[in-house]
Amino acid sequence: MDLSLIDLPSEVVRTERLVLRPYRPEDADDVHRACQDDEIQRWITAIDVPYTAESARAWVEDIAPGERLEHRGMPVAIEADGEFVGAGGVHFVPGRLGPEIGYWIAPWARRKGYAAEAAHALGGWALGLGAPRVHLYADVRNEASQAVARRAGFRQEGVVRSSLGYRDGTRGDAALFSRLPAD
Ligand SMILES: CC(C)(COP(=O)(O)OP(=O)(O)OC[C@H]1O[C@@H](n2cnc3c(N)ncnc32)[C@H](O)[C@@H]1OP(=O)(O)O)[C@@H](O)C(=O)NCCC(=O)NCCS
């Protein structure tokens with residue numbers, strides 16, 4: 001990927017209905033509220049549980065902007081009609097799999113196609129900057145996330161066994177999806 005073509009800290013991606021933009025300090029309350037959701041806490045094992053106001057503040061003010069500044073990834077707040085509806089990102093993991101896409105949608109904005117629209121746009125953004133492929137992982141039991149991946153133009157490549165670590169110390173399998181420029 002050629003990041004010299006863009007200014008990553010301020011990069012914004014637009015779709016028909018969504019604006020995928022850098023976080024702002026004012027997003028903290030919405031992020032905090034959304035991340036109380038059981039589904040987000042179940043499937044996104046990287047977030048703090050309990051998810052406190054300080055967790056949200058640290059994410060929107062320090063961690064997410066830091067990823068952009070240090071060229072480790074492009075976390076985005078997803079906005080529809082001027083309102084915060086979810087989160088996504090492209091993570092620039094080194095190695096042969098290419099950049100990794102992630103997403104969650106706030107419980108109050110689900111089943112409107114926002115996750116698929118955002119994932120499609122983030123994949124297209126990375127491919128447009130020259131990535132030869134993009135990928136994402138979804139827990140094999142997370143039917144909703146796998147449906148999002150397919151709707152966003154990704155194809156399942158296989159199952160990466162025991163690659164997910166849960167909070168209780170057990171492990172699970174992830175479905176690996178990818179999208180290529182020709183898909
Ligand atoms: C999974 C999640 C991102 C879906 O967001 P969404 O905006 O509601 O999804 P979309 O409206 O874009 O739906 C895309 C597809 O997924 C399907 N889908 C969405 N939620 C679903 C659910 N709970 N059960 C079954 N299918 C579901 C839709 O029907 C649609 O399918 P289609 O293409 O066949 O029409 C959202 O439920 C969420 O944030 N879950 C918790 C966090 C999470 O699992 N993140 C992904 C981690 S890999």
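As shown above, the structure is provided for reference.
The present account deals with the structure reproduced in this document. (Residues numbered from 1 in each chain as written. Predicted model: local features only at pLDDT ≥ 70, side-chain atom pairs only at ≥ 80, totals over all residues. Heavy atoms only, no water.)

Turning our eyes to something else, we now look at unusual backbone geometry. Backbone torsion omega between Val-49 and Pro-50 reads 0°, so that peptide bond is classified as cis. Look at His-71: it is not a glycine, yet its phi comes out positive at around 55°. Position of His-71 relative to the elements: it lies in the loop between α3 (53-69) and β3 (73-80). Classification of His-71 by relative accessible area gives partly exposed; the value is 39%. The backbone of Arg-111 sits at a positive phi, close to 65°, despite the residue not being glycine. Secondary-structure assignment places Arg-111 in the loop between β5 (100-105) and α4 (114-128). By relative accessible area, which is 86% here, Arg-111 ends up exposed. (Helix = DSSP H or I, 4+ residues; strand = E, 2+ residues; numbered from the N terminus. Buried < 20%, exposed > 50% of the residue type's maximum accessible area, 1.4 Å probe, protein only.)

Attention shifts here to the pairing of strand β8 (residues 171-179). Counting buried residues along β8, seven of its nine residues qualify, which places the element largely inside the surrounding structure. The pairing of strand β6 (residues 134-139) with β8 spans six bridges and is antiparallel. Bridged to Leu-136 within β8 is Phe-177. Pairing of strand β7 (residues 155-165) with β8, which is carried by seven bridges, proceeds in the antiparallel orientation. Considered in β8, the bridge of Gly-165 is made with Arg-171. Following β7, the chain reverses through five residues before pairing antiparallel with β8; Gly-169 in that reversal takes a positive phi of roughly 95°. (Pairing = 2+ DSSP bridges.)

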